[in-house]
Structure formats: C-alpha cells, structure tokens
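# Structural features, examined
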Amino acid sequence: MSEPIATEPNAPSAEGTSANAVSKLVSLFTGRSQQSALVTLASSLAAVAIALVLAGILLWATGKSPFDAYSKMLDAGLTNDKLLETTQRATPLIVAAVAVAIGFKMNLFNIGVEGQYLMGVFWAAVVGAYIHLPSVLHIGLIFLVAMAAGALWAAVPAILKVKKGVNEVIATIMLNTITLSIIDWAFQEQFRYEIPGQLDVKTKVLPTTAWLPDLVKNRLSSFIIVALVVVLAFWLIVYKSKFGFRLRASGANAVAARTAGISSNSMIVTSMVMSGAIAGLAGMTYLLSTSHAYGPTRPEGYGFNGIAVALLGRNHPAGIIVAGLLWGFLDSVAGPLQIADIPQSIVLVIKAIILLTVVIVNEVVGRRVAKRTADRTAAQLTLPVVAA
Amino acid sequence: MATDSLAVQLTGIEKRFPGVIANHDVNLNVRAGTIHAIVGENGAGKSTLMKTLYGMHQPEAGTISVFGEHKVFRSPSDAIDAGIGMVHQHFMLADNFTVLENIILGYEPIKGGRVQYDQARLKLQDIMAQSGTHVDLDAPVSDLGVGQRQRVEILKVLFRGARILILDEPTAVLVPQEVDELFSNLHRLVADGATIIFISHKLDEVLTVSDDITVIRDGTTVAEVKPDGVTRSKLAELMVGSELPSPHGRASEVGSAVRLSVTGITVAGLGEKHALEDVTFEIHEGEVLGIAGVEGNGQFELCETIIGLTKPIEGSIVMNGDNITHASPHHRLMSGLSYIPFDRHREGLLLDAPLWENTLLGRDGDPQFLKGPFINAAAAKADSREVIERFDVRTPSELVPAYALSGGNQQKLLVGRELSSHPNVLIAAHPTRGVDIGAQAAIWEKLRAARDAGLAVLLISADLEEVIGLSDRILVMFDGHINAHLTPAEATPELLGTYMTGGVQEVAS
C-alpha cells in the first residue's frame, strides 16, 4: 500500500477555506496534503520521535529510566504473540480511522464514530442473533445491518447540519452520549437474554454461522482482511473516483465546488453516511470473532482512537494502516510495561504527545512546504523577482 | 510654500522577501506641498515601497529622510510621529461606531481618564473647514457610502497630525464623480501645505491630478516625469515597457438567436429590501452585454441567480430556449453555462490542489475525463496542459498547486477552464480584476475570440474602460435594479458614473 502516497502528492486539503473556529480546528487536524510522500513520511516520523523524547523526559522526571522503558516496550512488543495482538488491536482502529478520514476529506469532523460503531455492534448483534442463514450470507447480512445502523446514526448530524446549520462537531459529541443511553435502554429493557443458571448478561449469542473464523486461533481475526478491503475501497473511492474528486473539492473549497455545480449539501450527507457506514463495521472483530454477542464488555474508544489514527496517518490509506499498527503496538505493550513496574499510563501519555506533535509538525511543515513550492515555482519560471 | 524642499526622500531602498526582491535601488524625491503620483503595474512593488515608508516593515538597505531629517521607522507609529499618514485601499473602520469615534479611535484626547469628545469635535471641524471636506461626525459609519468612508479615513490621518499623506489606490473604489470630489479635496490639502503621495495605475487620473510622477517597474524606480512633459501612451510604455492593451474592436456581427433571457427576476435581500428588483435582459449569440455598477448593487446576486445558487422569488431565466429557472446549478453548467466568478480564490479555485484538478473542477461530468466511475487522471492532465498552453498560463507544469501561481496566471487558468467547456453562455464577473496588463490583454483577446465564435457573454465589471470597450450593449445596475441602457458609443465614464450612483436615465424613445 505504499504506492498510493506516491501517486497522490497533491490532494487538496481543507486548509484555509473555513470561516468559523471549529472548522479552522478541523482544518488544523486535516492539515495540508499537497506535499510529497517523503516529506509527509518524514514529518510524521519526526513527530513520533519528538513525542518519544518528550515522553522520555517525563519518565526520567518521575524517576524511571526512559531507555529501560523503551527497550522493555520493544522486547515485549516484538514477539510473535504481541505482533499478532498489535494487528488484532489495530484492525478496528484502522476501520474507524477510515470512517473519520472520509469526513475529514469533506472538511467534516465526525467525532461521532464512537457512537456509530456502537450502534453498529448493538443492532448487528440483535438482528444477527435472530436469523438463520448460511455462513457467508449471515455474516454479510450482519455487516449490512451494522453499516446501516452506523449510517443512519451518522445521517442525523448530517441532516441537522444541512437543514439547520448545526455544527457536526457539536451534534456528534452530543449524539455519542445519547447513543449510550439508547443502547443501554434497549439492551436492559428489550434485548437482554437471560440464560437460566448463568450470571452472564448479554444479548442472545449469535449462531455459529455468524462467527468469523480466526486467521490465527484466538489471536487474529480474519476481519483484518475486511479492514484492508475497506482501506482499499476508501482509496479507490475518495482518491480515484469522480465522486471522490467532488468530495475532496467540496472539502477543499465548498464555495468553489458549489459554484462548479457540486451540491455541498448532498456531499455533506453522502460523506457522513459513508463515514457512519464504515464506522458501523469497526466493532465487528469484537462481535463476530471475540464475544459473539453484545454485552457489558463492549469495546470502547475505537472512535476516539480512530480520530488519532486518521490524524497521524494524514487521512491517507497507507498512513492509516501504519498509524493503526503503531496504536495497536502501543496498546499491546501497555500490559507488559505494567508488569515491569513502569506505569502503563505512559502509553497514553505517548499517544497524546504524538497527537499534539503531529498537529504542530504538520502545520509547521505544511507552511514551509507551501512557501517553498511557491518560491520554487516562481524560480522555475525565471520571472523577474518582484512581489506585490 | 517652499516648493524646492523635499518632504520625503528615499534613497537606494531595497526590500527583500524570502525568495523575492520586491524593491531594489528605489529612489524617490517628493517635493513638499505637491501631489506626487507613483505609478506602476500590479505587482511592480508600489505597495511594498509604501509599506516601507509607513514603517510597516523595514528595508534591507537604503535611507529614508523626512523634511531633510534621516529617519528609521520601526513601526507605523514612528511614521505617524514623523507626520506620515496612510489611507489604505481597504478601509479600516468599525461599522457600528460613529464617524467621530472612528476617527479618534486609538488617538483619543483624554483628560482625567475621560475621552474629550468635544475637544476632538472642535479639532475635526477645524480640519474639515480647512480641507473643504464634510462628513457628518455623528453618523454611524455603516450608513456611509464608499466615498464618504474614504473621507473618514483621510480625516483620521489628518487628525493624527499627518502632513504627508499616502493614498494607496484611492480611486479604485470610487465612481467618477467621487473621484473629482476627492481630487478637489486633495488640491485643497496641498494648498494648505500638505504633501500627498498618490499611488495608482490609472494613468488618466495620474496625469490630471499630480505635480510629479514616479514610475515603478519590476521593483525599481525607472523614471520621474512631469505630467505636462509626458503623454498617456508614453507613461504606459514606461510602466510596462510596451503599449497599453485596449479592449476595443470587433470583427463579427451579433447573432439573432437569444441565448440567455432573464425576465423580471426579483431576489430577496437580507432585510425587507430586495437584493434584485425586476431585472430583465436578453443576450444574443455572439453578443457581450456589459453590466456597469458600483460593487454590491446586486451584481453578485444576479450571477448567483443565473448560476442557480440563489432562488429568485419571481421571474424566469431561459437559456437556449430551456426554462432553467428551477434547474440545478449542475444542470445549467452541463447545458452550456459557464461562470468566471467574482473572487477566484473564494469561488473559483482549489488553492491547495494541483492545476490539473483545478481545470477539472466543474468539468468532471465530461466522459473524456472518466473511466467508468473513476477519474481518468491522464486525460485530465493532458487537458490541463492544453489549457495552460492555449491560455498562456505561466507555470512549470500542471502538477503545481494553484496557490503557487501569480494572480494573473490563476485568472488565466480559470478563464481557460471556463472557456474550455465550450459554453454558449458565459458570465464573466470582473474577468481581469487584479491581474497585470499582460494577462489582461490575453484575457480580453480570448473573450473576444469566444464571442466571435458565437458565445453570449454577460460581462460584469467595475473597470469602465473594460465595460465600454468589450460590450455591445451596456446596462447599469444600481440598488438591485437596472437603471440605464446604453450603447458603448454613447457611454462615457462620466455618464456611467451618474447612473451608477443612482442618476435616472431619461427615456429617449
């Protein structure tokens, strides 16, 4: 997946077109993406390196050896077991990050992925448990239900935005909270499935026809393949198709896109619905490979971590995969660190610092690159060197 | 008045920005008590130079003297202390403040912690009497017209005690009558001992109003001339190194087929007043219909309505015989409408995207750019190269982002994109605004060629020379309605100016 970067150095970004503060924030996150793959890669790596140094200083300040901590992370993380766990943990984050990235490409900040995938998991668990179909169809149907649930839930903020001008950031944040209430109510009141003699509270367990096989038993779900297909589809649709061109054009300059006959309202709704549909799939490893039912052990934080992964991966397919694996790796070494008496919260700190440095480095590098491109273009034309 | 003493002397000024030298070897001698014009093309370095003189940035080399005294300006307040004031091209006024409050803002006379409004008022009445200007000091600025706002800006500068006034393109926003008024005010000020530095690229004005003229080209001062010792064309030659382009001339005939017919269009405004009121016109095949008007009198709403971005509350639009009043913008663009928008950055371009994506924007429905549901990037790039070639866009390749091009080249790209979709109706809003003279000539040439090939053009422009020169018929828009119909033969800037400010046309027939 390294090729896409090279062929798409000049994708438009959301920079500089938005008027209100929240949109400015969004454009800060989505960054400029006209720079070359190498620069993008270098600046992302630099951000990670800076974050590791800063976290190291923090460790040192609390009396722990950063070298010790980092070598423990590597020792623990680079075993076969942990690499499988890294991939397994990365899978939902990659899917969620694609969902977030679709929004970002349209200059929309879909913070609601968190709620959308939970809706997906819950309704897929409910519907999937009551149907009987051959395995492939059963799983396919469950995917469709999950996507529909996520899409419908994402359509709410989209319609609010189009009809009433409600900012999607605010709407999706509030809907996340509402999601939990709705699911809790539906679960407790309607779909809790009591098995006599068991204390386990879950929805009805899915028939085995709906179980996704593992690639490596109990270690890696075959859902990773679906995740990769999602990433590929994202690349094709957003970066290569006519629809994607219109989406990116609307995201880059909504007014110019509108003037060119692209309805920004329909783009807002379509991209949010797509984003929600993909988000709906994020919880499928949990549902179809791990738990086979919805219960209190439901996954948490895929949406928020997905935002981080999309951001670190610069909304680019290859970047999202790499960033997802990095996040998976950090999550997978948290346990071993704890055992080695290094507070596992250092993992959270590293993640947070990476995010901050990525935003800052993106902005700084983006400005530099923009300036250099302009200068170099002027120089290549050997025009008289005169400014306004 | 000592005419031989120098109010401002700039010697060997050099100002560099990363990658560019904006000014080099600039020498300027401004005699006290004169109007000194600085002329040059857009991008020649006039504004950079004035920012240097006003302390907005510091030069890398060279000296500044004011009334014979060597000065170093660290900031505009240093320049103000030295008696220099600047009237910016874009007004910097707080709309919801009164004129008086705006003028004293940042320079309030204060006694015992209280603003001395009465003292300021007296001082201002004095200044107004001396300079022959008048503005109602208690009117909120939001109620003022452009010409009056400019007077407020000038008063603001005088209030701060400026004896040397820099006016950056002061006439760009004014109609001819207001220009005359401004000039008579400037003469009063000069008679009163002030010195005025007047930046412009409008040669007729410069020749009328100034005592001395300094020409800037490619960042350096190339000549200093007297208005009576130079002709307009000579001055133009000094400015650009060649003859000024002219929008005039046509070889073809206006066709008989009606391409666009707008009937009784009324569009709601923000308040009770309509933004457009009963606007009706027709454009024929091969015809340019010019719309003159001060910006903000409904031209933008008219364009948005024809494009389909704004819904009229009354009236109809028929294009090539199809009633498109309720059609989507996409449908209209697909059926042969094109639009060169008012603001290329806001409405026309994806600045961060490469040129080939910019030339593709709005034309991605064309099957030649598609491979199934996918964009045929190779075809789109080839087409982009063709636009670049045909419209002489100066760029290393179609892969550079649009922001890297100069304004003139961005505009040529935009015009090229709109004409490349082979429209039969084109709305051209300020097609040459903010571009250099070379690009202006090129754009006029392309528009003429397209018109000769049968294109119907709705030309909206604030440049009266452009409107008179390109149009076959001229309408004047004022306050949301059409208030005059003219032929280019009878239209003069003065006459247009009268109608543009609300003058009523006497119906001849």
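Let us look at the structure shown here.

Counting residues in hydrophobic clusters, the biggest one holds 114 residues, and the most contacted among them are Met284(A), Leu287(A), Leu288(A) and Ile354(A). In terms of residue count, the dominant contributor to this core is helix H5 (residues 80–105) of chain A (12 residues). When neighbours within four sequence positions are excluded, Leu288(A) is seen to be in contact with Ile139(A), Ile142(A), Phe143(A), Leu206(A), Ala210(A), Trp211(A) and Leu212(A). Val39(B), Val99(B), Ile213(B) and Ala223(B) belong to the second largest nonpolar core, which has 50 residues in total.

Residue and element names in this part refer to chain B. Taken together, the four strands give an open sheet; going across it, the order is S14-S13-S16-S17, and neighbouring strands pair in antiparallel fashion. Edge positions in the sheet fall to strand S14 (274–284) and strand S17 (322–323), since each of these pairs with one other strand and no more. Note: strand S16 (residues 314–319) against S17, two bridges, orientation antiparallel. Note on S17: the bridge partner recorded for Val-318 is Asn-323. Here helix H9 (residues 299–307) sits on the sheet and contacts strand S13 (258–268), S14 and S16; the angle it forms with S14, its principal contact strand, is near 65 degrees.

Residue and element names in this part refer to chain B. As summarised here, the arrangement of the six strands in space is S18-S21-S22-S15-S23-S24, forming an open sheet in which the pairing is mixed. Looking along the sheet, the strands with just one partner apiece sit at the ends: strand S18 (337–340) and strand S24 (481–486). Here the average twist between neighbouring strands, direction ignored, is 20 degrees. Here four bridges tie S18 to strand S21 (residues 425–429), and the two strands are oriented parallel to one another. When the sheet's bridge partners are listed, Ser-338 is paired in S21 with Leu-426. Sheet strands in contact with helix H17 (residues 493–500) are strand S15 (288–292), strand S23 (473–478) and S24, and its direction is about 35 degrees off that of S23.

Looking now at helix H13 (residues 284–291) of chain A. Within H13(A), seven of the eight residues are buried, leaving the element largely enclosed by the surrounding structure. All buried positions along H13(A) are accounted for by Met284(A), Thr285(A), Tyr286(A), Leu287(A), Leu288(A), Ser289(A) and Ser291(A).

Right, let's talk about the packing of aromatic side chains for a bit. Residues and elements named next belong to chain A. Per the stated rule, a full pass over the model turns up 12 aromatic pairs over all chains. Look at Phe-122 and Tyr-294: their rings are 5.0 Å apart centre to centre, the planes differ by 90 degrees, and that puts the pair in the edge-to-face class. Placement of Phe-122 in helix H6 (residues 113–129) and of Tyr-294 in the loop between H13 and helix H14 (302–312) is noted, with a sequence separation of 172 residues between them. Assigned by exposure class, Phe-122 and Tyr-294 land together as buried. With centroids separated by 5.4 Å and ring planes inclined at 75 degrees, the aromatic side chains of Phe-187 and Tyr-294 adopt a geometry described as edge-to-face. With Phe-187 in helix H8 (residues 168–191) and Tyr-294 in the loop between H13 and H14, this pair connects stretches of sequence that are 107 residues apart.

With that out of the way, let us pick up the pairing of strand S12 (residues 220–225) of chain B. Residue and element names in this part refer to chain B. With five bridges joining them, strand S11 (residues 212–217) and S12 adopt antiparallel strand pairing. Bridge pairing in S12 links Val-215 to Ala-223. Linkage of S11 to S12, two consecutive antiparallel strands, is achieved through a turn of two residues, within which Asp-218 is found at a positive phi near 50 degrees.

Residues and elements named next belong to chain A. Viewed as axis vectors pointing N to C, helix H7 (residues 135–164) and helix H12 (residues 264–281) meet at an angle of 145 degrees, and their least axial separation amounts to 6 Å. In terms of crossing hand, the pair formed by H7 and H12 is right-handed. Listed contacts from H12 to Phe-143, Ala-146, Met-147, Gly-150, Ala-151, Ala-154, Ala-155, Pro-157, Ala-158, Lys-161 and Val-162 of H7 are Asn-265, Ile-268, Val-269, Met-272, Val-273, Gly-276, Ala-277, Gly-280 and Leu-281. Among the residues forming the contact of H7 with H12, the class breakdown is 15 nonpolar, four polar and one charged.

Conventions adopted
Residues numbered from 1 in each chain as written. Chains lettered and ligands numbered in written order. Predicted model: local features only at pLDDT ≥ 70, side-chain atom pairs only at ≥ 80, totals over all residues. Heavy atoms only, no water. Core = buried A, V, L, I, M, F, W, Y, C linked by side-chain atoms within 4.5 Å. Buried < 20%, exposed > 50% of the residue type's maximum accessible area, 1.4 Å probe, protein only. Helix = DSSP H or I, 4+ residues; strand = E, 2+ residues; numbered from the N terminus. Contact = heavy atoms within 4.5 Å. Pairing = 2+ DSSP bridges. Axes fitted to C-alpha atoms, helices over the stretch in contact; angles between N-to-C directions. Phe/Tyr/Trp six-rings, centres within 6.5 Å; stacked < 30°, edge-to-face > 60°. Left-handed = near helix turned anticlockwise from the far one by under 90°. Nonpolar A, V, L, I, M, F, W, Y, C, P; charged D, E, K, R; others polar.

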